[in-house]
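# Structure at a glance
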Amino acid sequence: MKFFALSSAAMTAMLLLCSCSDRDSADKKLNQAVKQARQGEWESVQKSASDLAVDYPKTSAPLLLQALAYEKSGDMFKAIDLATQCAKADPENFTVLYTLGRLYSQDAQRSAEAFTILEHALELKPDDRNTLILLCNLGVTRNEPNTGKYIDMLMKQSDRESFARIGYLKALFLGNNGKISEAVNYMFEAAKSSRDNPLLILNAARFIDRQGREYRIKARNLYMIFVSIYQRTASPAPELLQEAKIRIQKLAVR
C-alpha cells in the first residue's frame with residue numbers, strides 16, 4: 001500500500017516555484033505550464049519547457065518540467081536522464097533531488113539509489129511530508145534501518161484520516177523485524193480507524209492471520225468488519241467476500 005505524494009499539477013507547481021531564482025518574473029509562462037500540466041496537456045508542457053529553457057537558462061525548472069512530461073508519456077529513461085542532468089548541475093537543490101529520487105523509486109532495481117537520494121533531500125528540507133512518504137514506502141519494501149524513524153516523523157504530522165495508512169506501514173516494518181506482537185497491535189488499530197478503506201482492513205486481517213493462532217480473534221474481527229463494510233460498496237468482488245467468510249468460519253474453530 002503506497003501513498004501518492006503529489007498530483008501532476010502540484011508537482012509541476014513545486015518544480016517551478018522552487019527552481020526559478022526570480023519568482024516575480026516567473027508568472028505567465030510558468031502559470032501556463034502549470035495549467036497545461038493540470039489539464040494533462042503534456043505535449044504542450046514540453047513546448048513550454050523549451051521556451052522556459054531560453055528564459056531561465058540558469059535554473060532547473062525547464063529540465064524538471066520536461067522530465068515530468070516525459071514521465072507522463074511513459075518515457076522513464078528520458079525523464080530520469082533529464083533529472084540526473086539537473087542533479088549533476090545542482091546537487092544541493094531539494095526539488096531536484098526529490099524529483100530524481102521519486103523517479104528512481106518507481107524502478108525496483110534503483111530503489112537503493114532512490115532511498116539514498118531522498119535521505120539527502122530530507123536533510124535539505126527536514127520534515128518534508130512528501131519526502132517522508134516516499135522514504136517510508138521504500139524503507140518498508142527494502143527494510144531500511146532508518147525507516148522506523150521516518151515513520152514516526154510522519155506520524156507526528158498525520159491527521160486521523162492518514163493515521164491508518166501510516167500505522168499500516170509501521171506494522172509491516174515491525175513485522176519485517178520480528179516484532180510480531182507490536183506489529184499486530186499497530187495493524188489492528190490502523191484497520192479499525194480505516195472504515196473508509198475496506199481493502200486496507202482486508203490486508204490487515206490477512207497480515208494478522210499469518211502471524212499465528214494466538215492472534216486469531218483479532219484477525220477474525222477484522223475479516224468480519226471487512227465483510228460488513230465491503231458488501232455495501234458499489235461493486236464488491238465476490239472472491240474477496242468469499243475469502244473473508246471462509247476465514248471467519250475457520251478462525252472460529254478453537
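For the structure given in this document, a descriptive report is provided here.

Thresholds applied
- Residues numbered from 1 in each chain as written.
- Predicted model: local features only at pLDDT ≥ 70, side-chain atom pairs only at ≥ 80, totals over all residues.
- Heavy atoms only, no water.
- Helix = DSSP H or I, 4+ residues; strand = E, 2+ residues; numbered from the N terminus.
- Buried < 20%, exposed > 50% of the residue type's maximum accessible area, 1.4 Å probe, protein only.
- Contact = heavy atoms within 4.5 Å.
- Areas by Shrake-Rupley, 256 points an atom, 1.4 Å probe, with all protein chains shown as cover.
- Core = buried A, V, L, I, M, F, W, Y, C linked by side-chain atoms within 4.5 Å.
- Expected span 1.5 Å × (residues − 1).
- Arc of directions from axis to C-beta.
- Salt bridge = Lys/Arg side-chain N within 4 Å of Asp/Glu carboxyl O.
- Phe/Tyr/Trp six-rings, centres within 6.5 Å; stacked < 30°, edge-to-face > 60°.
- Lys NZ or Arg CZ within 6 Å of the ring centre and 35° of its normal.
- Axes fitted to C-alpha atoms, helices over the stretch in contact; angles between N-to-C directions.
- Parallel < 35°, antiparallel > 145°, perpendicular 65-115°, else oblique.
- Left-handed = near helix turned anticlockwise from the far one by under 90°.

Let us now look at the overall build of the chain. Helix and strand counts for the chain stand at 14 helices and 0 strands. Counted from the first residue to the last, the chain has its helices and strands arranged as α-α-α-α-α-α-α-α-α-α-α-α-α-α. Taking all 254 residues of the chain together, 50% fall into the buried category. The long-range share in the chain, meaning contacts at least 24 apart out of those at least 6 apart in sequence, stands at 55%. When the accessible surface of the chain is split by element, carbon and sulfur atoms take 49% of a total near 13100 Å².

With that settled, consider the nonpolar core. If you look at the biggest cluster of nonpolar residues, it comprises 33 residues, and the most contacted ones within it are Leu100, Tyr150 and Ile151. Of all the secondary-structure elements, those providing two or more residues to this core are helix H5 (76-89), helix H6 (94-104), helix H7 (111-124), helix H8 (129-142), helix H9 (147-157) and helix H10 (160-176). Filtering out sequence-adjacent residues up to four positions away, isoleucine 151 remains in contact with Cys136, Val140, Ile166, Leu169, Lys170 and Phe173. By size, the runner-up hydrophobic cluster in this structure holds 30 residues, among which are Ala183, Ala204, Ala219 and Leu240.

Glancing now at helix H3 (residues 42-55). Between the first and last C-alpha of H3 there are 20 Å, a value that for 14 residues agrees with the 20 Å anticipated at 1.5 Å per step. Burial in H3 covers these residues: Trp42, Val45, Gln46, Ser48, Ala49 and Leu52. Each buried residue of H3 sits inside an arc of 170 degrees when the element is viewed along its axis, so together they form one side. Away from the buried face of H3 by more than 90 degrees, exposed residues Glu43, Lys47 and Val54 are located.

With that out of the way, let us pick up the pattern of salt bridges. With the rule as written, the count across this model stands at 8 salt bridges. Of the charged contacts in the structure, one is a salt bridge between aspartate 152 and lysine 170, with a shortest N-O distance of 2.9 Å. One end of the pair, aspartate 152, is in helix H9; the other, lysine 170, is in helix H10, and 18 residues separate them in sequence.

For the coordinates displayed, the defined rule picks out 3 aromatic pairs. Aromatic side chains phenylalanine 226 and tyrosine 230 sit 4.8 Å apart centroid to centroid with 20 degrees between the ring planes, which places their arrangement in the stacked category. Residue phenylalanine 226 and its partner tyrosine 230 are both found in helix H13 (residues 216-230); the two are separated by 4 residues, about one turn of the helix. In terms of burial, phenylalanine 226 and tyrosine 230 fall into one category: buried. The ring of phenylalanine 188 has lysine 218 lying over it, and the distance from NZ or CZ to the ring centre is 5.3 Å.

A word on the packing of helix H4 (residues 61-73) against H6. Remark: H4 packs on H6, axes separated minimally by 11 Å, with the N-to-C direction vectors making an angle of 15 degrees. What the angle tells us is that H4 and H6 run roughly parallel. Seen along the crossing, H4 lies across H6 with a hand that is left-handed. Taking contact as the criterion, the partners of Leu64, Leu68 and Glu71 in H4 are, on H6, Thr95, Val96, Thr99, Arg102 and Leu103.

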